Each structure stands twice: as C-alpha cells, then as structure tokens.
Amino acid sequence: MILKGMVSVLTGAGRINSIGAATARILAKNGSHVVINCLNSRLQAEQVVSECASHGVSSELFVGDITDVDVCKSLATFVKDKFGKVDTIVNCVGSTHPAPYEKLELLTASDFMKVFSSNVIGPYLIAQAFQPLLKASKIASITNVSSTAALTGISSSIAYATAKGAENSLTLALAQALSPEVRVNVVCPSFVDSSWWEIPFKDKQEKYEALLQTMKEKNLLNRVIKPEDVALAIFSVIQNPVMTGEIIRLDAGAHIGKSNSR
Ligand SMILES: NC(=O)c1ccc[n+]([C@@H]2O[C@H](COP(=O)([O-])OP(=O)(O)OC[C@H]3O[C@@H](n4cnc5c(N)ncnc54)[C@H](OP(=O)(O)O)[C@@H]3O)[C@@H](O)[C@H]2O)c1
C-alpha cells in the first residue's frame, strides 16, 4: 500500500510516550499526513505534531473530547476542510477507573459509564462522524486499540476489562456495518511501558521499575512491550488489504504461559 499522501486521524495520541504518538510517527515517516487528537495533553501533543511535521507531511492538532458527538462531527469537518479526505483512523483513546475487583461497591454506575464512554462510545461516534469520508477512500480502515483485558478479564478495573471487551465487539460489528469499503480491526496489547502509567506511578519510580520487571518475566520474550511495538502492529494492520474483523493479541507470548522446564 502506498502511504504517501494518505490522511490518518489518531484519537488519544497526544502524549509523547503514547501508543498513538508512536503510530503517528511511523505513519508520518512513511508519508501520511496526520491529525493528532488529544484532550488534556495539549503541550505534549504540540510536540508530537511538530515531530510528525519534520517528516515533510502536514501534521495537525485537534483538541477535543471524542465522547461528545458534536466534537466528533467537528473533527470530521476539520479533516474534510483541511484535506478533503480521510484514509485511516486509529483510536487510541481510552481511560480506566482503577478499583479492586473484590470490592464491587467501590465501582459505581457513573464510574462504569465514564470508562465505557471513552473506550467504546467515543470510537463509535468517531466511526459515525467519519463514515461518509471513509467510504469515499479506496483504502479505508479503522484500527482500535483495546487490551488483553478484553480477552482475560484481568485489569485495573472490572469496568475497563468490560469496556475493552465491548470495544472488541464494536470492532466486529463495525467491520460488518462498514464493509466492503472500510476495514475495521482491533489490536489488544498487554502491559505497555507508555504514558498510560505516568500519572498512577508519579513519584513511584522504584515501584514502577519493579512492575516492569514483573511484566518482563511474564512473557516468552522476556521483554517489556513499548509503544513502538504496538505501533508496528497497527501499521501492519493498516496496510493489509484483506484484514478486517480481526482481534490481534500482542502480549509477547504471555498467553501461552511459560513451561516449568524453563
Ligand atoms: N499502556 C498500557 O499498558 C496499555 C495496555 C493495553 C491497552 N492500552 C490501551 O492503549 C490505548 C492507548 O494508551 P497509551 O498506553 O498510549 O496511554 P495514554 O497516553 O494514556 O493514551 C490514552 C489517551 O486517551 C486520551 N483520552 C482519554 N479520554 C479521552 C477523550 N474523552 N477524548 C479524547 N482523548 C481522550 C488521553 O488524552 P489526554 O492525555 O490528552 O487527556 C490519553 O492520552 C488506550 O486505549 C489504552 O486503554 C494501554
């Protein structure tokens, strides 16, 4: 697939060490124009935008909450006015509400709704807003970023695992709904050493180092997954013309488990 001149929109891609920013960099390096969406991380996003622009492509910032239908419509209008088309969307947007599994009373309906909004409703509203533009492209795709939590039920919160499961189902449903013009896939990484952990582990560097070590030991490759590793998987999905409705697990072999002899 020729990426030069294509237009890519990435939601939740503003933080420097995020999966979205790593994906934007690969896309820009390969000649795609990029539109970076963020919500609170404007300063970091401006840096990501200028890094992408250094590859000689158009690189734009759109700040807004993609759980709001009007914001999604404005984003689609912004992209249409600027480029006249869109070829690929990567939804990296997501949030969690950490809560111990055994204490159901600590996770309220409102917490649940917020987590659902960013992980599921947002990507749905983006698909809705961009549907006409995507259908006009000859190489259209949407790639969602979910989590292995969707496959195992294990995460920081029951709401997050459930929402990521729903994001996987949304992917399958949209692959049906938008075919044959638009391919829709989802990548499910396990732990990624990204900006996701910056706030929960602020001023807890030692604890974070211990977590990295634990994560490393869990998989067959003895390594920690980086945003660039996930970006490579997304990049490959974007380019494959027969891939749609796929749920791609990315956990460095952790799902197989380590045999006792090793
Ligand atoms: N890191 C991991 O271990 C891991 C593992 C599995 C799956 N994932 C998934 O991978 C995706 C990307 O995460 P990441 O690791 O790159 O961390 P991240 O930098 O925290 O990415 C998530 C981004 O979502 C954005 N966001 C949240 N709500 C939003 C909204 N309503 N509208 C617009 N943007 C919103 C945040 O933007 P602002 O900062 O601008 O507010 C944030 O930058 C997420 O969906 C996450 O669930 C991460």
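Keep in mind it's a predicted model, so treat the numbers as computed, not measured.

*Asks:* Which residues make up the overall build of the protein chain, and what are the values?
*Replies:* On a plain count of helices and strands, the protein chain comes out with eight helices and seven strands. Taken against the 2.2 N^0.38 rule, which gives 18 Å for 262 residues, the C-alpha radius of gyration of the protein chain at 18 Å falls within 12% of a compact globule. Taking the principal axes of its C-alpha atoms as reference, the protein chain extends roughly 55 × 40 × 35 Å. If you take every contact in the protein chain between residues at least 6 apart in sequence, the share linking residues at least 24 apart comes to 76%.

*Asks:* Explain helix α8 (residues 227-239) residue by residue, including any values.
*Replies:* In a regular helix each residue adds 1.5 Å, so 13 residues correspond to 18 Å; α8 covers 18 Å between its end C-alpha atoms and thus fits that length. Among the residues of α8, Pro227, Val230, Ala231, Ala233, Ile234, Phe235, Val237 and Ile238 are the ones counted as buried. Looking at the buried positions of α8, the neighbouring elements they touch are α1 (19-29), β4 (88-91), β5 (141-145), β6 (183-189) and β7 (247-250).

*Asks:* If you had to explain the packing of helix α3 (residues 69-83) against helix α4 (residues 109-136) to someone new, which residues and values would you point to?
*Replies:* One way to put it is that α3 packs onto α4 with a least axis distance of 8 Å and a crossing angle of 30°. Looking at the two axes, α3 sits roughly parallel to α4. Crossing of α3 over α4 shows right-handed handedness. Contact residues: α3 offers Val69, Cys72, Lys73, Leu75, Ala76, Val79 and Lys80, while α4 offers Leu125, Ile126, Gln128, Ala129, Phe130 and Leu133. Its residues assigned to classes, the contact of α3 with α4 comprises 10 nonpolar, one polar and two charged.

*Asks:* Go over the sheet that holds strand β2 (residues 33-38) with me, naming the residues and quoting the values.
*Replies:* The strands that make up a sheet are held in pairs by hydrogen bonds between backbone atoms, and each pair lies either parallel or antiparallel. On the basis of which strands lie adjacent, the open sheet formed by seven strands has the order β3-β2-β1-β4-β5-β6-β7 and parallel pairing. The strands lining the two open edges of the sheet, one partner per strand, are β3 (59-63) and β7. Strand-to-strand twist in this sheet, taken as the mean axis angle between neighbours without regard to direction, amounts to 15°. As judged from the five bridges shared by β2 and β3, these two strands associate in the parallel manner.

*Asks:* Give a detailed account of the nonpolar core, specifying residues and quantitative values.
*Replies:* In this structure, Ala24, Val34, Ile36, Phe130, Val230 and Ile234 are the most contacted members of the largest nonpolar core, which totals 73 residues. In terms of residue count, α4 provides more of this core than any other element does, nine residues in total. In this view, Ile234 contacts Thr23, Val90, Thr143 and Val187; residues no more than four positions away in its chain are not counted.

Conventions adopted
Residues numbered from 1 in each chain as written. Predicted model: local features only at pLDDT ≥ 70, side-chain atom pairs only at ≥ 80, totals over all residues. Helix = DSSP H or I, 4+ residues; strand = E, 2+ residues; numbered from the N terminus. Rg over C-alpha atoms; globule rule 2.2 N^0.38 Å. Contact = placed C-beta atoms within 7 Å. Expected span 1.5 Å × (residues − 1). Buried ≥ 20, exposed ≤ 12 C-beta atoms within 10 Å, placed from the backbone. Axes fitted to C-alpha atoms, helices over the stretch in contact; angles between N-to-C directions. Parallel < 35°, antiparallel > 145°, perpendicular 65-115°, else oblique. Left-handed = near helix turned anticlockwise from the far one by under 90°. Nonpolar A, V, L, I, M, F, W, Y, C, P; charged D, E, K, R; others polar. Pairing = 2+ DSSP bridges. Core = buried A, V, L, I, M, F, W, Y, C linked by C-beta atoms within 7 Å.

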